[in-house]
Amino acid sequence: MSRFGFTLGAHTLGQLTALCHRLGISDARTACSMLGGILGPARDRVLSEPPAWPSDVSDDHTPVEFSVALDHDRPPSLRLLAETAAAEPSRLGNRLAALDLLDSWSARHRLRLGLFDRIRDVFLPDDTAGGRFAVWLSLVLRPTGPPAVKVYLDPTACGVGAAGELVAEGLRRLGLGGAWSTLRRHATRSGLFDAADWPIFFALDLHDDPDTTRVKVYVAHESATSADAARAAAGARIDSREVDAFCALAGEGTSLFDARPLISGYTFVPGNLDHPSGYSLYLPIRSYVDDDEQAWHRVQQITDRYGLDRAPIHDALDALTDRRLDAGVGLIAHVSLRLGDGEPGITIYLSSEAYAIASPRQHIATTTSRGSSTCR
Ligand code: TRP
């Protein structure tokens, strides 16, 4: 089926509806209306036009990325990460559009914006148009119940050099000041945040229940080994063998992850003070495979190792695309391992590929635009 002439909304909302259906998410309508709200004016743009804003949510600038989280003790959840853009996109315009959207959601979807209000000016300073983005939003969809909303902020809003200070201030304002030295000590190789180990996201849950609100700090490790990641994980008292085993499976023979950074995610629960309650490792698998067939093969080895059912991932791939897995690379964008209390969980991040499908590496290392793609 040709998607030529389709709009961004038709493409991504169609994918979301199919994903909800396959993964047993009952309220697809609310999910679609929320994603429609995030897409805003970009929703009606046809895909033959270039993206309105070069969103960094995904490689082809589609402002949405999906993910499926697998756990032992509950059914898979569907997540999405998305960026809103103003009618005339700019960092400032997009920021205002995202803040308006959150305001309108706060009553309708019972969000608590109190903690967000405490920190927002740290990451959204008036006097800079720097950084990669203003606000990203994430929805977590479970089979029943309302979507949970998370907000992502950019620690590099005032430049990479200031990113550590922004995180320190954000944590302090949330009563987590003690977490800072744990982070700095474990998440960096030099003992300082720098160009090698830099904070990439600061995320906050916007639930109704302040007791379970989580704060997450993500640190990118450039040109890192699995031993570097294991050291970072030790900050959350994680056994290094867990991290090594995951890197060996997902990286298959990669010793230095220098094509795209490994990312550590530390979870803090306000009140639980200095120590992270959880650690996740994100591995950008798309940069370490030739095509998605190879990535899918590794995903299956990972789900097998952790005794998790791979069927929801297979179903999700099927819901997203009808292209052959070996016809492109990047549909499977990241894989992550979630560690902490209880058994490990796995999350697989899946691209929408609304604008482009990257060609497999052994063929031509370029990107085919949708208009000329023959993959579908
Ligand atoms: N596309 C960006 C990247 O790959 C940001 C991003 C989107 C990301 N989803 C992610 C980073 C999941 C880590 C994990 O870096």
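The structure we're discussing is the one just above.
All figures in this text were calculated on a predicted structure; none of them were measured in a lab. (Residues numbered from 1 in each chain as written. Predicted model: local features only at pLDDT ≥ 70, side-chain atom pairs only at ≥ 80, totals over all residues. Heavy atoms only, no water.)

Caption draft 1: Expanded view of the site of the ligand. Every residue near the ligand is listed here: Asp56, Val57, Glu65, Leu81, Trp136, Phe201, Ile263, Tyr282, Arg286, His334 and Tyr349. One of the backbone nitrogen or oxygen atoms of aspartate 56 is found 2.7 Å away from a nitrogen atom of the ligand. For the ligand, the protein covers 89% of the area, taking 350 Å² as the surface of the free molecule. Within the shell around the ligand, the residues separate by chemical class into 7 nonpolar, 1 polar and 3 charged. (Near = heavy atom within 4 Å. Polar contact = N/O pair within 3.5 Å; in protein donor to acceptor, adjacent residues only side chain to side chain. Areas by Shrake-Rupley, 256 points an atom, 1.4 Å probe, with all protein chains shown as cover. Nonpolar A, V, L, I, M, F, W, Y, C, P; charged D, E, K, R; others polar.)

Caption draft 2: Structural view of the nonpolar core. Formed by 105 residues in total, the largest nonpolar core has its most connected members in Leu16, Trp105, Leu171, Phe202, Phe246 and Leu283. The element best represented in this core is helix H2 (residues 28–39), accounting for 7 residues. What leucine 283 contacts, discounting residues up to four positions off in sequence, is Phe246, Cys247, Ala250, Gly251, Phe257, Leu262, Tyr288, Ala333, His334 and Val335. Val57, Ile200, Tyr218 and Tyr282 belong to the second-largest nonpolar core, a separate cluster that totals 15 residues. (Core = buried A, V, L, I, M, F, W, Y, C linked by side-chain atoms within 4.5 Å. Buried < 20%, exposed > 50% of the residue type's maximum accessible area, 1.4 Å probe, protein only. Helix = DSSP H or I, 4+ residues; strand = E, 2+ residues; numbered from the N terminus. Contact = heavy atoms within 4.5 Å.)

Caption draft 3: Structural context of the side chain of serine 138. Within the element layout of this structure, serine 138 appears in strand S3 (residues 135–141). Of the residues examined, serine 138 reaches a relative accessible area of 5% and is grouped as buried. Among residues more than four places away in sequence, those in contact with serine 138 are Leu80, Leu81, Ala148, Val149, Lys150 and Tyr152.

Caption draft 4: A look at the sheet that holds strand S4 (residues 148–153). Strand order in this closed barrel of 10 strands is S1-S2-S3-S4-S5-S6-S7-S8-S9-S10, and the pairing throughout is antiparallel. Sheet twist, expressed as the average angle between the axes of neighbouring strands with direction ignored, equals 20 degrees. Of the strand pairs in this sheet, strand S1 (residues 64–70) and strand S2 (residues 77–83) are connected by 6 bridges, and their pairing is antiparallel. Bridging from a neighbouring strand, valine 68 pairs with leucine 78 of S2. Sheet strands touched by helix H1 (residues 8–23): S1, S2 and S3. Its angle to S1, the strand with the most contacts, is close to 10 degrees. (Pairing = 2+ DSSP bridges. Axes fitted to C-alpha atoms, helices over the stretch in contact; angles between N-to-C directions.)

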